[in-house]
Amino acid sequence: AFTAQFTCKPTFQMLLPPTQSLQGAGGWSPLDSDHYQWLQVDLGSRKQVTAIATQGRYSSSDWTTRYRLLYSDTGRNWKPYHQDGNIWAFAGNSNTESVVRHDLQHAIVAQYLRIVPLDWSGEGRIGLRIEIYGCPYWADVINFDGQGVISYRFKMKKMKILKDVIALKFKTSESEGVILHGEGQQGDYITLELKKAKLVLQINLGRFTSKTSLRCLPTRVGSLLDDHHWHSVVIERYRRNVNFTLDRHTQHFRTNGEFDHLDLDYELSFGGMPYSGKPSTGNRKNFKGCMEGINYNGDNITDLARRKKLDTSSFRNLSFSCVESHTSPVFFNATSFLELPGRSDHEVASVSFQFRTWNPSGLLLFSPLADGTLEVGLSEGKVSVHINVTQKKNTRIDISSGSGLHDGQWHDVRFLAKENFAMLTIDGDEASAVRTNTPIQIKTGDSYYFGGTLRLFHLQSPIQRSFQGCMQLIHVDDQLADLHAVEQGKLGSFENVSLDMCAIIDRCMPNHCEHGGRCTQTWDSFSCTCDGTGYSGATCHTSIYEQSCEAYKHLGKTSDTYWIDPDGSGPLGPFRVNCNMTEDMVWTTVMNNLPPQTSVTGSSRERRTVLQLNYSASMDQVSAITSSAEHCEQHVAYSCRMSRLLNTPEGTPYTWWIGKGSEKHFYWGGSGPGIQKCACGIERNCTDPKYYCNCDADQKQWREDSGLLVYKEHLPVNQVAVGDTNRPGSEAKLTVGPLRCQGDRNYWNAASFNTPSSYLHFSTFQGETSADISFYFKTSAPYGVFLENLGNTDFIRLELKSPTVVSFSFDVGNGPVELAVRSLAPLNDDQWHRVSAERNVKEAVLQLDQQYREVRPAPSQGHTRLELYSQLYVGGQKGFLGCIRSLKMNGVTLDLEERAKVTPGVKPGCSGHCTSYGMYCRNGGKCIEKYNGYSCDCTSTAYDGTFCTKDVGGFFEAGTLVKYNFMPENTAAVASKDTKGLSRNVAPEGNLTREDLAFSFSTSSAPSILVYISSRTQDYMAVVLRHNGTLQIRYNLGGLQEPFTIDVDQRNLANGQPHTVNITRVDRNIQLQVETGQIDPVLIEKYNTPGFVGCLSRVQFNGIAPLKAALRSRIAAPVSVQGKLVESNCGASPLTIPPMSAATDPWHLDSGRSERVIPDGVNRNSAIIGGVIAVVIFTILCTLVFLIRYMFRHKGTYHTNEAKGVESADNADAAIIGHDPNFSETIDESKKEWFI
C-alpha cells in the first residue's frame, strides 16, 4: 500500500507521490493481473474525498478500464462506494496517456482508500496512476459504551420549542439503541433510536384529545445501519412539519396532534434514556457505538462534552476517540466459497457463525465427513441441517429452525452434533433450539466450506449450491477463524470472496415503490406489490383510474360512482365521486356528512355553535377538483324561527361559513363575496325589505334563506358557525348540500400547432428517478416531435416517427434507449390518440391508445438519474403539426392554452372532437361539437340520456292511445285541394318509399294493435298481436283490395316478456301519392275492445319518436294522448328475436335490408317447410310483378308479394280489423296519422 502526506487546501490537491500520480513517470502494476489485486492509499487521517482521476501506467500497454472504490477509517471493514443504489463501477482508461476524472456524486470521509480493478487492458496488464482530490476533515467524536448518557440541560426548566434542528453522525455494530430522547410533563417527547438496524423517529407535541389522532406513529428510515460505518442524520422541525434526513435521503412528514410547540422538561439526553423511575423508559437499550458532530439548535454537544460543560457522570470512562469493532465480515456472491480447516476424525462437530442476506435460500455450510456429509443451508427463510452418515447402514438427520431469516438482519447460527445428539440454535434462543436424539456416530472431516463448495462435491439435498450475503464471527470447533491469515494465504482458501467487507445493499431503502406499494427484494433486485394502492407498474407509479368524470364520459361510461385520480401519478391518492353525465354537461359530486335540516340551538355571538363538515375526500383532493372545474356550486339553506342569519351588511354577522383555506365568508347562498347578503337581498324580495335575508327579519314564523354558493375559489364549505339560537323560541335548521363541479379544464387543455417551426416552452422537466408523461394528440402529418427536453448528455423525447409508429427515447447516462410501438392503423387520421410513457429505475414503458405497449427493463447496473437542464419544448424544436391536449407530466397538467395565447404559430384549443368521440352517440344520436368536448343530440331518436342510450317508454292502460299527426291541420286543408302543394309541404318525416319502424313491447293481453300508421290514401301499415299472441305485420300500399300480411313469429309473444321489433321497407321504384283517405270508425270500434294493455318503448318511425314526444313536455310536437300514459321502460329489452333471413323475407327482392324474425326453437323440419313456402312465394311474386306494373303504372311499380286477406273489408284500413274481429282500438279520422 502507498502512503502519502495529505496537504489539502480549499482547492483540490494531489494526494500521491509524484511517481504514482498523474503525468508521473511510473505507475502501479501488480505482478498478477486478476480480480484479487488492489491498490490501497493511506491519507494519514480522515479526509473528505470529492474526486478521483486515473491514468494508465507510464509508457506501457497497461491500464485499468473499470474499477471499484472502497474506503475505511481503520484499514479494515471496508465499504464500497455506492451510487444510484448500486455498488458503483467507475469507467477507467482506454490507453496509457488520457486522464479520466470522476467527481463523486457524494463526498466520502475516510483515511484509507482501495482501488480494486475489475477490467484492464487486453494488450497488457493492470496499470494505474491516480490522483485523489478533497479537503481536510475534522469532527469531535464521542464513544458510547452502552451505559453512559450525555445530558444537555436547558437554561430554563421548561422549554416551549417552536423550531428544532438536530444534526449528528453515528456508527455502530448494534441493531438496537436510543440515540437521543427528551420528554415533558404534558406528554410531549422526541425519541430517535435504532430498531432492527433502522432509524426510528417519534415526535409528540402533546397529549391527544378525541379530536386528534389516537397515537403518535413512528417514522422509520434507513436499513442495515449496524454496519459500523458512519451515517449522517438531520432532523428539522418547524411547528408540526418535519424533515427527517438520513444519508442525503429526506422524508417529509407532519406530526399528529393540534399543537406546534415541543414542551420539554429540564434536559435532552444523547446516547440513551436517563433513568427516571418512570415505566415509560421500558427496556430500551442505550446506544453503543460512536457519534460525532452532535449539534442541537446551534450548540455543539460534542464540544461541550469535551470541555466538561455537560453532565457525563454516567460514563465509566468517557472516550473522545472511536473504539473500532473487531469483527471481520466476509462477503459472498453467487460463485464464491470460503474453506476453513477443522479437526478431522473428531466425534463432535461444532460450528457457529452470523449471516445476513435477502435471499430466502442458499448454502451456508458444507463439510465432507469421514463417512458422510454435513450441510447447513437456508431454505424458504429457515435454517435447515442435513446430515448423511454412511456407516453400516445409511442414517439421515434433517432438522430446521427459524423463519423469515432473509430479512437482511444479522442472525446467529449455532450447530452442535455428537454421538446420538444434534442441536440447532438460532439467534441464541435456547428455549426454541431444535434437538434430535437419533442414533448416529459423527466423524468429522478436515475442512468446512462456507457460502458454497467445490464443484466436485455432489450435494444430496435440494439446497441451493451458493449463498449471496455476508458472514462474520465464524467459529469452527469453538475457535474463531482468523480471516486475516486466510487473506494472507496462511490458512484455508477462498474463491471470489471479499474479506473484511459486507457489501449488502437494501434495495428497498430508499423505497422506490410509490403510493404505499410494498417493496420486497432479493440480493440483486427489488419488486413492488401494488395491490390495493390504486396504482400499477413496476414501481406503483401509474394510476389505474381516470383523472375525472369527464374522462370517464369520453370512454363511453354513463352516470355512476367512480374512482378518480386528478393528479395521476402525483401525491394525491384516488377517491370516489358520483359522476352525473347529462346531455351537455358532466357533474362531479362530493358528498359531506352533515344531515339535511340539522337542528342548531343554544348558540350566541359570544359562543357560536360550529358545525364541522367532513367530505368523502380530503381537502387537497377536493381542491384538485375545484381548481380544474369550469364551474362549482354548493347549495346551502338556513331555516329559521327567531334566528337571525347575517343581520345587515353594516352589522356584525351572526353566522358565517369557512371554506377552502380556512377563510371566513359573510355571504350566503345566492349572493357573492363581499356583499353580505342572501339571495332575497340580491333579488329584492325579502320578507322584510329593511333586511337582506329572510331570517334577519327575526320573525316567529319559519323562514328560509337558501341558494347556491358558486365562487369556486371559496368552496367547499368546511364549517358553519351559527350565532343566534339561544333566545327563547329561537331555532334554526341548517342544510349544506354536496359539492357539485362541472367540467374538467385539464382534460380539454389543448393547443394547435399550425406551422412546422411552432412550439411551446416550459421549465425543465424534473423526473430524475421516476418520470411519466401522458397526452392526447391528433394530426394529419406523417411525423413530428411531440416534446423533448435535453441535458448535457441526458435527454427525453416523444415523437411520431412515421404514420404508424410512436417512439419514446431517452438517455440517463447509459446510452440512448428507444421504445417504439406500431399501430395497425395510421395515426395521422386526424383523430385523437392517447400516448403514455413512463421511465423509472426498474423499466421504461410506452403505451398507445391503451392497446399497443412496449416494456424495456432497466439495466441492473448503471445510471438511474435523469438530469435535464434545458427548457422543455412541447411541439418539439423539430416541429409538429396538429393538436396536443391534456399533457400531464408526473401528475402536473401543463397549461398549453395559456402559453399558446402568447406564442406565435400556436393557438389555444383544438376543434374536431366528434371525429374521435362521435361513436359514443348511439341509436342515431347526433354528435354536437363543443369547445371543450362534445355532446349527443338525441332529439330525433327514441332515446334519451348522455349517449342516447336511455329507453323512453310508457305503460298503456286499457283505452290509452297516443296519436301523432304527421301534418298540421292547416297544411292538410291546403293539401286536400292541390296535390302538388301537398308534395311540397309534406313533413320531412314522410318518406314515400321507405319505412323504418322500431319498438319494444311487453304485454300479457291479446289481441291488440301495437302500431297503426295510416295515410290520406287507403295505404296503411300495422303491427298487431293476434288472438293467439303471434305477431303479424300488415301492409297495404294501394292497388289491391287485400292487405299484404307477414306472420312474423309463431310463438305467443303476449307472455309478459319484453320483445323488440325492427321493420324496414325500401323500394326506390315506388312513388306514392298522398291523398285523403277515410277510416271507418264504427268498424274499428266494433272490433277494438279492450285495446292494448302493456308497455311500449323505443318507438321510432323513420325520423319520428312519437312516444318520446308524448312523454317529454319540452318537445313541441303534434302529438296527443288519450287515456292515462305512465312513463316506464318495462317494455325495453335487448333484441330477443333474430333477424329474418333473406330466404324467407318477402321484401328481400326490393331492399335486401328488411328483417323478419325466426323463432329461436325452429327445428330442421320447420326450416325445410319454410324453404318450400319461400319458393312458392317467390313464384307468385314474379307473376304479380308483371301484373301490378301493367295495372298500376300511374301509381308506380313495386316488387312484392301481396298475401290473401279479407276480401269483404269495406276499405283497406278496415281489412286489418276484419280479419281478427276482437281487435279494439279507437282510431280517429285522420289525415296521415300514427297510432300506438
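The structure under discussion appears in the preceding block.
Please read all numbers here as calculations on a predicted model, not as lab measurements. (Residues numbered from 1 in each chain as written. Predicted model: local features only at pLDDT ≥ 70, side-chain atom pairs only at ≥ 80, totals over all residues. Heavy atoms only, no water.)

### Thoughts on the overall build of the chain
Part 1: A tally of helices and strands in the chain yields 14 helices and 80 strands.
Part 2: The burial tally for the chain puts 54% of its 1236 residues in the buried class.
Part 3: By sequence separation, contacts in the chain at least 24 residues apart represent 70% of the contacts at least 6 residues apart.
Part 4: When the accessible area of the chain is evaluated, it comes to approximately 55000 Å², of which 50% is carbon and sulfur surface. (Helix = DSSP H or I, 4+ residues; strand = E, 2+ residues; numbered from the N terminus. Buried < 20%, exposed > 50% of the residue type's maximum accessible area, 1.4 Å probe, protein only. Contact = heavy atoms within 4.5 Å. Areas by Shrake-Rupley, 256 points an atom, 1.4 Å probe, with all protein chains shown as cover.)

### Digging into the pairing of strand S20 (residues 262–270)
Part 1: Burial runs high along S20: eight of the nine residues are buried.
Part 2: Bridge count between strand S13 (residues 177–183) and S20: two bridges; the pairing is antiparallel. Each bridged residue has a counterpart across the sheet, and for His181 the counterpart in S20 is Ser269. (Pairing = 2+ DSSP bridges.)

### Observations concerning the nonpolar core
Part 1: Formed by 41 residues in total, the largest nonpolar core has its most connected members in Tyr638, Trp668 and Val717.
Part 2: Setting aside anything within four residues of it in sequence, one finds Val717 in contact with Leu613, Tyr615, Gln634, Val636, Trp657, Ile658, Leu709 and Val736.
Part 3: Core analysis: the next-biggest nonpolar cluster, separate from the first, contains 40 residues, Ala417, Ile426, Ile442 and Phe450 among them. (Core = buried A, V, L, I, M, F, W, Y, C linked by side-chain atoms within 4.5 Å.)

### Looking at the sheet that holds strand S55 (residues 795–802)
In sheet architecture, strand pairing relies on hydrogen bonds along the backbone and comes in two forms, parallel and antiparallel.
Part 1: With antiparallel pairing, the six strands of this open sheet are ordered in space as S52-S61-S54-S55-S56-S57. Both outer strands of the open sheet, strand S52 (760–762) and strand S57 (817–822), are each paired with one neighbouring strand and no more. Pairs of neighbouring strands in the sheet enclose a mean axial angle of 15 degrees, with direction left out of account.
Part 2: As paired strands, S52 and strand S61 (residues 872–874) are joined by three bridges and run antiparallel to one another. Each residue of the ladder has a partner; that of Leu760, found in S61, is Val874. (Axes fitted to C-alpha atoms, helices over the stretch in contact; angles between N-to-C directions.)

### Quick look at the pattern of salt bridges
Part 1: Applying the stated criterion across every chain yields a total of 33 salt bridges.
Part 2: One salt bridge connects Asp724 with Arg727, and the closest N-O pair in it is separated by 3.2 Å.
Part 3: On the basis of relative accessibility, which here comes to 25%, the residue Arg727 falls in the partly exposed class.
Part 4: Across the pair Arg1098 and Asp951 runs a salt bridge, and its minimum N-O distance is 2.4 Å. Taken together, the residues Arg1098 in strand S77 (residues 1094–1101) and Asp951 in strand S68 (residues 950–951) connect sequence positions 147 residues apart.
Part 5: Of the residues examined, Arg1098 reaches a relative accessible area of 17% and is grouped as buried.
Part 6: Several salt bridges share partner residues, and in doing so they unite Arg46, Asp73, Lys171, Glu292 and Glu324 into one network. (Salt bridge = Lys/Arg side-chain N within 4 Å of Asp/Glu carboxyl O.)

### A word on the sheet that holds strand S79 (residues 1125–1127)
Part 1: Reading across from one edge, S76-S71-S77-S69-S79 is the order of the five strands in this open sheet, with antiparallel pairing throughout. Strands with a single pairing partner mark the edges of an open sheet, and in this sheet they are strand S76 (1059–1066) and S79. Taking the axes of each pair of neighbouring strands and ignoring which way they run, one obtains an average angle of 25 degrees across the sheet.
Part 2: As paired elements, strand S71 (residues 994–1003) and S76 share eight bridges and run antiparallel to each other. Within S76, the position partnered with Ser1000 by the bridge is Thr1060.

### A short note on the side chain of Thr588
Part 1: With respect to the element layout, Thr588 can be found in strand S42 (residues 586–590).
Part 2: For Thr588, a relative accessible area of 8% gives the class buried.
Part 3: If sequence neighbours within four positions are ignored, Thr588 has contacts with Cys549, Val577, Asn578, Ile625, Leu739, Arg740 and Cys741.

### What to know about the packing of aromatic side chains
Part 1: In this structure the tally under the stated criterion is 29 aromatic pairs.
Part 2: Measuring from ring centre to ring centre gives 5.5 Å for Tyr152 and Tyr296, while their planes differ by 70 degrees; the resulting arrangement is edge-to-face. Here Tyr296 lies in strand S21 (residues 288–296) and Tyr152 lies in strand S11 (residues 150–161), a separation of 144 residues in the sequence. The exposure classification of Tyr152 matches that of Tyr296, with both residues buried. (Phe/Tyr/Trp six-rings, centres within 6.5 Å; stacked < 30°, edge-to-face > 60°.)

### Describing the side chain of Asp500
Part 1: Relative to the helices and strands, Asp500 is located in the loop between strand S35 (493–499) and strand S36 (518–521).
Part 2: Polar side-chain contacts of Asp500 include one of 3.2 Å to the backbone nitrogen of Asn77.
Part 3: Other than its neighbours up to four places away in sequence, Asp500 contacts Arg76, Asn77, Trp78, Ser328, Pro329 and His484. (Polar contact = N/O pair within 3.5 Å; in protein donor to acceptor, adjacent residues only side chain to side chain.)

Honestly, that's just the spatial picture; any functional story needs more than this.
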